[in-house]
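Chain residues, written in single-letter form:
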Amino acid sequence: MKQQILLIDDNPMMGGFLTHMFRKEYNVMWCTTAEEALSWMHKRNLPSLIVCDYELTGMSGLDFLYEIKSTGFYKDIPVLMLSGKSNSESRIKCLKAGAEDFVLKPFNPDELSIKVENLLSKVATN
């Protein structure tokens, strides 16, 4: 059975690219807002991994991260944050909030795939 990735990105090109990139190996649910992602999760959908953009329309990726890491039910789901912001302050905020990793856009697709595989292999062994 394929592991589930929840992808949150409001950019249609990025969301489409990432969905295409991961759908061969994983089940991918793509949401364009953090609110849509939370609604999907509240319907008893538990992803193996969340890949979330830092800057989203509505609730930010950082606020989404705070939200899920503050609940007992979702706090153990690994989160990989994506961002075009290259300042270390954004990365540090995400890592302090509980993100397992942070990848800068534009990114090397091979590097992102390896990071996703590594995070999901940790989930599979726990």
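Residues numbered from 1 in each chain as written. Predicted model: local features only at pLDDT ≥ 70, side-chain atom pairs only at ≥ 80, totals over all residues. Heavy atoms only, no water.

Engineer: Summarise the packing of helix α3 (residues 61-69) against helix α4 (residues 88-97); cite the residues concerned and give the values.
Structural biologist: Two numbers describe a pair of packed helices, the interaxial angle and the distance between the axes. Their axes nearest at 9 Å, the elements α3 and α4 cross at an angle of 15°. Here α4 runs roughly parallel to α3, going by the angle between their axes. As α3 runs across α4, the sense of the crossing is left-handed. Across from L62, L65, Y66 and K69 in α3, the residues of α4 making contact are K93, C94 and A97. Residue classes in the contact of α3 with α4 are distributed as 5 nonpolar, no polar and 2 charged. (Axes fitted to C-alpha atoms, helices over the stretch in contact; angles between N-to-C directions. Helix = DSSP H or I, 4+ residues; strand = E, 2+ residues; numbered from the N terminus. Parallel < 35°, antiparallel > 145°, perpendicular 65-115°, else oblique. Left-handed = near helix turned anticlockwise from the far one by under 90°. Contact = heavy atoms within 4.5 Å. Nonpolar A, V, L, I, M, F, W, Y, C, P; charged D, E, K, R; others polar.)

Engineer: Give a detailed account of the pairing of strand β5 (residues 101-104), specifying residues and quantitative values.
Structural biologist: Pairing of strand β4 (residues 79-83) with β5 involves 4 bridges; the strand directions are parallel. Bridging from a neighbouring strand, S83 pairs with L104 of β5. Running through α4, the crossover from β4 to the neighbouring parallel element β5 is right-handed. (Pairing = 2+ DSSP bridges. Right-handed = clockwise from strand over helix to strand, strands pointing away.)

Engineer: Describe unusual backbone geometry, listing the residues and the values that go with them.
Structural biologist: Residue P106 follows K105 across a cis peptide bond; omega there is -10°. Tracing the backbone shows P106 in the loop between β5 and α5 (109-125). With a phi angle near 65°, R44 is a residue other than glycine that sits in the positive phi range. Using a relative accessible area of 79% as the deciding quantity, one classes R44 as exposed. (Buried < 20%, exposed > 50% of the residue type's maximum accessible area, 1.4 Å probe, protein only.)

Engineer: I'd love a proper account of the sheet that holds β4, names of residues and values included.
Structural biologist: With respect to topology, 5 strands assemble into an open sheet ordered β2-β1-β3-β4-β5, the strand pairing being parallel. The sheet terminates laterally at β2 (27-31) and β5, the two strands that pair on one side only. Across this sheet, the average inter-strand angle for adjacent strands is 20°, counted without regard to direction. Across the sheet, helix α1 (residues 12-22) touches β1 (4-8), β2 and β4, and the angle it forms with β2 is around 170°. Packed on one face of the sheet, α4 meets β4 and β5 and runs near 155° to β5.

On their own, these measurements won't tell you what the molecule is for.
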